[in-house]
Amino acid sequence: MMKKKSVSARKASLVLFLCQMISALDVPLDSKLLEELSQPPTITQQSPKDYIVDPRENIVIQCEAKGKPPPSFSWTRNGTHFDIDKDAQVTMKPNSGTLVVNIMNGGKAEAYEGVYQCTARNERGAAVSNNIVIRPSRSPLWTKEKLEPNHVREGDSLVLHCRPPVGLPPPIIFWMDNAFQRLPQSERVSQGLNGDLYFSNVQPEDTREDYICYARFNHTQTIQQKQPISVKVFSMDSLNDTIAANLSDTDIFGAKPVTERQPVLLTPTGSTSTKVELRGNVLLLECIAAGLPTPVIRWIKEGGELPANRTFFENFKKTLKIIDVSEADSGNYKCIARNRLGSAHHVISVTVKAAPYWITAPRNLVLSPGEDGTLICRANGNPKPNISWLANGVPIAIAPEDPSRKVDGDTIIFSHVQERSSAVYQCNASNEYGYLLANAFVNVLAEPPRILTPANKLYQVIADSPALLDCAYFGSPKPEIEWFKGVKGSILRGNEYVFHDNGTLEIPVAQKDSTGTYTCVARNELGKIQNEVHLEVKDPTMIIKQPEYKVIQRYGQASFECVIKHDSTLLPTIIWLKDNAELPDDERFLVGKDNLTIMNVTDKDDGTYTCIVNTTLDSVSASAVLTVVAAPPTPAIIYARPNPPFDLELTGQLERSVELSWIPGDENNSPITNFVIEYEDGLHEPGVWHYQTEVPGTQTTVQLKLSPYVNYSFRVIAVNEIGRSPPSEPSEQYLTKSANPDENPSNVQGIGSEPDNLVITWESLKGFQSNGPGLQYKVSWRQKDVDDEWTSVIVANVSKYIVSGTPTFVPYEIKVQALNDLGYAPEPSEVIGHSGEDLPMVAPGNVQVHVINSTLAKVHWDTVPLKTVRGHLQGYKVYYWKVQSLSRRSRRHVEKKILTFRGNKTFGMLPGLEPYSSYKLNVRVVNGKGEGPASPDKVFKTPEGVPSSPSFLRITNPTLDSLTLEWGSPTHPNGVLTSYILKFQPINNTHELGPLVEIRIPANESSLILKNLNYSTRYKFYFNAQTSVGSGSQITEEAITIMDEAMASRQVDIATQGWFIGLMCAVALLILILLIVCFIRRNKGGKYPVKEKEDAHADPEIQPMKEDDGTFGEYSDAEDHKPLKKGSRTPSDRTVKKEDSDDSLVDYGEGVNGQFNEDGSFIGQYSGKKEKEPAEGNESSEAPSPVNAMNSFV
């Protein structure tokens, strides 16, 4: 266990303690090391000393302990051995000492009243718990009584007695009416500490018949009700009327009017009384007085002041409450009840006693064989407690003798210990008001050196900064540590190095030549070990050209430079900020490699621009101000920032305020809008100026609020539209007086860094917040929901405190209070923290998998008990992996996939599974520490799915009427293939598709010869595989059967005949002559039928020729002479008009999208674009050749 410094021992005791413990070992909190070292038992959790239980629920008496080897547990009851095996109602939790008494199945809580004590024992000693007193809570009924009505005269006092039944614990008393509404209370009517309802004087409105006293027993959640009490108030007027009705006019009568009375105390009675209270408790003193008018209560302490910050007044000042009382609060307290007729008083003599409390609790001691050490147990109390020692739970006087041990009052001295000296010692400090019991072990270890720092760890620092190289170690006896540089370097010595007790080597100012390998050597008499670490010293990052102050006119351009120099091995990032925030999301802001440019600046761009350069090791920044001004109306007027104020003067100095006045400087043609006042604290932060306040530009004096214990200087800055003036000269200094702190540290947190500790952190107060010298912090903690006292330490100059030896992940109440030499800050608020998390203990159970389809499964599991999570539950992780494909039966490299489900979920979906495969999965719970153990692997299988497309389709050996098809099986069959489906259809020269033919092929085939096809015909093929689930995606291909040789030769002969050539030439000549005639007639303006169309146009000369076909636009017949669009055809069920989309793929069968050959030939041949088609397509966008014309008629 880690040794902790005592925070409350006197100086002499501390010196003696350190001298005696100088050779004791510190055991690092390394989990692997702690698992390997033997250790006596330590009680980690136990029930409170006074344990009141609910008689209706099972009784759980806690006793948890740790040790190596794990301890065994036993119990005593009322001082004798408690054999739990003989009591069927009592069980002990596994691997624990906690007892569970089964009350809910027939047991009686009263039968288990008594004093219990737990012992945890292993081969190195025995630790014992406190004496745990078990008492069942009681909530008895009110005794029946006959209550007479209360008849009271107006103005008299009255006490309504509650007298609740005696319960365990005592009940909470309150008064209500029949409608369950609380009775209103005031200075005149209030409830006393004993539960009675006191009336200082009654009024007619107090008349009612339902004054009901209720007793609430919180432990059993029950409320008992007293019989209603009736109160009848008689006023003087009604009494006079009654008398007058019964007397004659001659009778003399007259009732006394309501008379005022001076105060008389109703409680306490007499002039003096005594009160005994225990240290640390809440002191409650009460005075309730009768009188008319209603008396006012005042409290004083004779010969002293009521303690500040701990004194509170309750119940309309009738109750004096002092929290956390100490012996100094003893004395005479006087309450004075006063009205205008007089006063009454009572003196309460308070004596503060004290149950034992620790001054120095014994601490665990780890020694090497032959070493010396001490256990110190010092406690105080009133009366002074008696100190007694036990060894392994046995009084030390009758315990086995140990020659290395000597008892000297509150100290045990150990000399030249051996391994057999290991034991657990108990210190008992007791007086008539209570006791303290602490376990502290002496663990004698003989261990060779171990180095806990990882080997070859790399440290990187910036030049001229400190470098800390770790060498965490352990050994018994304590090893000696030496450092070397380089492989054969000499031992490091000298002032340039600092060697820390924990093995760390510090190089206060690391230079570039400090780079290298450092070796740490640890040795003791049992062995030697060494470890190497590496240090790299980097050049610092610098801004060699910083942004500069700019004054830019509106709509101008501003540019800031930020040129840097950095270590070549570090990657810098440059961030620009405006007024310490991100740049506006505006395209006018252009961020370059080493500059920032703002285009078209406006007034809102005014501000401070900061360039921040970050690397993984350092960060630098530089800022400049941009001031945006309007263009001057005339060059003669110069606008500028104002001159600084001067002649600062302080007057009216008080403890918490002062008045500051000044004379403004020249405003330089721009009116001063406001003054900014800053202050310097010469006592805590000399040279640093802080913002104090600001005032309008018309004001030259200000009343400033001050804090205690600050040496103030002030300066003033004038501000106009152009900017801020330089600061004024500082004022004279003013030192305020010291006082208690006004506030406590903020951001208090409790988060464990290890499973057995609690790290309490807070934000320290700034220097001026200390309010006085000697700033310290009182750190207090106690386990939540456990009836423990607060444990407190006082620390200084730190913002963190580590509590060791805590149970794993339990809630703690934490508070941190500031104090200085003058006293404490106000009572701080409590926060809830948790001790450290540990890995979850158990895996989720009842893991079930429901396969939804071939690619999706749903996994279910049961949540783990929260106590086994041992931390904040973050969720569950499902690990799953494919074991094998059921179609191939071949294993492959296992690639585990992980899905995380946040929160306390009990199911999750697993997407992306492969069909027809075998999978395994397991589930683990996750907390802030990491993952728990995995559940047993669960095997599940996915069903078949549709296959992927065949891996290839090749068409070979074309003949006049046949083609040979070859294919490969699908890459992912996703099941057992049942067959292949082949569909094909012919395509003619106009892109029209013929009838579709379908063939089913057995799954074991890989080729097929198609016969009885047409010669010289293009066919399109669609090919896909099938499983029992359905068809997979298809693959397409095209091929052509070869042409008949005789037909080909005949076509060539026709095309080469002379008569055919002459006919074609005559046709061409005729067309040419016709075009010339049309051109001539048009120029002459002759009238012909189409001329009427020409006249309809304003200017026939500007009608262009159609660029796409070379014809005259105005003379083409809209219906008869429209050129046929390429590829036009009669639509059928499987065709779409070409003009709908030139690139449409639905022209070629069944409207299937994306049917491409693997080489993309489909698009190239049939896209319908006006490029020239490939030769094998036998078609062209130009006029058809004679050969093609003949083919189209075959």
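Just so it is clear, the model here is predicted, and its values are computed rather than measured.

1. So, the overall build of the protein chain
Stage number 1. A tally of helices and strands in the protein chain yields nine helices and 85 strands.
Stage number 2. A burial count over the protein chain gives 41% of its 1194 residues as buried.
Stage number 3. Sequence separation of 24 or more characterises 65% of the internal contacts of the protein chain that already satisfy a separation of 6 or more.
Stage number 4. Carbon and sulfur atoms make up 52% of the accessible area of the protein chain, which totals about 64100 Å².

2. Describing a nonpolar patch on the surface
Stage number 1. A surface patch of nonpolar side chains, about 650 Å² in accessible area, is lined by Leu1069, Leu1072, Ile1073, Ile1076, Val1077, Phe1079 and Ile1080.
Stage number 2. Among the secondary structure elements, Leu1072 is positioned in helix H6 (residues 1058-1084).
Stage number 3. Judged by its relative accessible area of 46%, Leu1072 is partly exposed.

3. A few points about the packing of aromatic side chains
Stage number 1. According to the stated counting rule, one finds 21 aromatic pairs in the structure shown.
Stage number 2. Taking 5.6 Å as the distance between ring centres and 55° as the angle between the ring planes, the aromatic pair formed by Trp762 and Tyr777 counts as tilted. Of this pair, Trp762 sits in strand S65 (residues 757-763) while Tyr777 sits in strand S66 (residues 776-783), and the two are 15 residues apart along the sequence. A single burial state applies to Trp762 and to Tyr777, both of which are buried.
Stage number 3. With a centroid separation of 5.9 Å and an interplanar angle of 45°, the aromatic rings of Trp861 and Phe901 are classed as tilted. Of this pair, Trp861 sits in strand S73 (residues 856-862) while Phe901 sits in strand S75 (residues 897-902), and the two are 40 residues apart along the sequence. Phe901 carries the same exposure label as Trp861, and that label is buried.
Stage number 4. Joined through ring pairs, the aromatic side chains of Phe174, Phe180 and Tyr214 make up one cluster.
Stage number 5. Sitting over the ring of Tyr435, Lys49 keeps its end group 4.2 Å from the ring centre.

4. A closer look at the state of the cysteines
Stage number 1. Taken as a whole and judged by the stated rule, the model has six disulfides.
Stage number 2. A sulfur-sulfur separation of 2.0 Å characterises the disulfide bridge that pairs Cys162 with Cys213. Residues Cys162 and Cys213 share a disulfide whose torsion about the S-S bond is about -65°; that sign makes it left-handed. Here the residue Cys162 occupies a position in the loop between strand S13 (158-160) and strand S14 (172-176), and Cys213 occupies one in strand S17 (residues 208-217), the gap between them amounting to 51 residues.
Stage number 3. In this structure Cys162 comes out as buried when scored by relative accessible area, which is 0%.
Stage number 4. Residue pairing for Cys377: its cysteine sulfur links by disulfide to Cys427, the two sulfurs lying 1.6 Å apart. An S-S torsion of about -65° defines the bridge between Cys377 and Cys427 as left-handed. Taken together, the positions of Cys377 in the loop between strand S30 (373-376) and strand S31 (378-382) and Cys427 in strand S36 (residues 423-431) put the pair 50 residues apart, joining distant regions of the chain. Just as Cys377 is buried, Cys427 falls in that class too.
Stage number 5. What links to what in the protein chain: the bonded cysteines, counted in sequence order, pair as 1-2, 3-4, 5-6, 7-8, 9-10, 11-12.

5. Looking at the environment of His534
Stage number 1. Note on placement: His534 falls in strand S46 (residues 527-538).
Stage number 2. With 79 residues separating them in the primary sequence, His534 and Ala455 have C-alpha atoms 9.4 Å apart.
Stage number 3. With sequence-adjacent residues up to four places away left out, His534 is seen in contact with Asn456, Lys457, Leu458, Tyr459, Gly516 and Thr517.
Stage number 4. A polar atom in the side chain of His534 sits 3.1 Å from the side chain of Asn456.

6. So, the pairing of strand S41 (residues 473-476)
Stage number 1. The alternating pattern of S41 places Tyr473 and Gly475 on one face and Phe474 and Ser476 on the opposite face, and all of these are buried.
Stage number 2. Pairing of strand S38 (residues 447-451) with S41, which is carried by three bridges, proceeds in the antiparallel orientation. Across the sheet, the residue bridging to Ile451 is Tyr473, located in S41.

7. So, the nonpolar core
Stage number 1. Counting 30 residues, the largest nonpolar core has Ile59, Ile61 and Trp75 as the members making the most contacts within it.
Stage number 2. Elements supplying a minimum of two residues to this core: strand S2 (50-53), strand S3 (59-61), strand S4 (63-68), strand S5 (72-77), strand S8 (99-101), strand S9 (114-122) and strand S11 (132-136).
Stage number 3. Per-element accounting of this core gives the leading share, three residues, to S9.
Stage number 4. Counting residues in hydrophobic clusters, the runner-up holds 20 residues, among them Leu648, Ile677, Val702 and Val710.

8. Examining the side chain of Ser404
Stage number 1. Within the fold, Ser404 resides in the loop between strand S33 (394-395) and strand S34 (405-408).
Stage number 2. Since its relative accessible area comes to 7%, Ser404 is described here as buried.
Stage number 3. Within the structure, Ser404 has its side chain in polar contact with the side chain of Ser421 (distance 3.1 Å).
Stage number 4. Those residues within four positions of Ser404 in sequence are excluded, and the remaining contacts are Ile413, Phe414, Ser415, His416, Val417 and Ser421.

9. A word on unusual backbone geometry
Stage number 1. Cis geometry marks the peptide bond from Lys68 to Pro69, where omega comes out at 0°.
Stage number 2. Inspection of the secondary structure puts Pro69 in the loop between S4 and S5.
Stage number 3. One non-glycine residue with positive phi stands out, namely Asn95, at about 55°.
Stage number 4. By the secondary structure assignment, Asn95 is in the loop between strand S7 (90-92) and S8.
Stage number 5. Residues other than glycine seldom take positive phi values, yet Asn669 does so here, at roughly 70°.
Stage number 6. Looking at the secondary structure, you find Asn669 in the loop between strand S58 (657-663) and strand S59 (674-681).

10. A word on the sheet that holds strand S83 (residues 1007-1010)
Stage number 1. In spatial order, the strands read S79-S80-S83; together these three strands make up an open sheet with antiparallel pairing. A strand with exactly one partner marks an edge of an open sheet, and here the two such strands are strand S79 (950-956) and S83. The average undirected angle you get between the axes of adjacent strands in this sheet is 20°.
Stage number 2. By the bridge criterion, four bridges tie strand S80 (residues 963-970) to S83 in an arrangement that is antiparallel. Looking across to S83, one finds that Leu965 is bridged to Leu1008.

Analysis parameters
Residues numbered from 1 in each chain as written. Predicted model: local features only at pLDDT ≥ 70, side-chain atom pairs only at ≥ 80, totals over all residues. Heavy atoms only, no water. Helix = DSSP H or I, 4+ residues; strand = E, 2+ residues; numbered from the N terminus. Buried < 20%, exposed > 50% of the residue type's maximum accessible area, 1.4 Å probe, protein only. Contact = heavy atoms within 4.5 Å. Areas by Shrake-Rupley, 256 points an atom, 1.4 Å probe, with all protein chains shown as cover. Patch = residues over 30% accessible without salt bridge, like charges linked within 9 Å, V, L, I, M, F, W, Y side chains within 5 Å. Salt bridge = Lys/Arg side-chain N within 4 Å of Asp/Glu carboxyl O. Phe/Tyr/Trp six-rings, centres within 6.5 Å; stacked < 30°, edge-to-face > 60°. Lys NZ or Arg CZ within 6 Å of the ring centre and 35° of its normal. Disulfide = S-S within 2.5 Å. Polar contact = N/O pair within 3.5 Å; in protein donor to acceptor, adjacent residues only side chain to side chain. Pairing = 2+ DSSP bridges. Core = buried A, V, L, I, M, F, W, Y, C linked by side-chain atoms within 4.5 Å. Axes fitted to C-alpha atoms, helices over the stretch in contact; angles between N-to-C directions.

It is worth stressing that arrangement in space is one thing and function is another; only the former is reported here.
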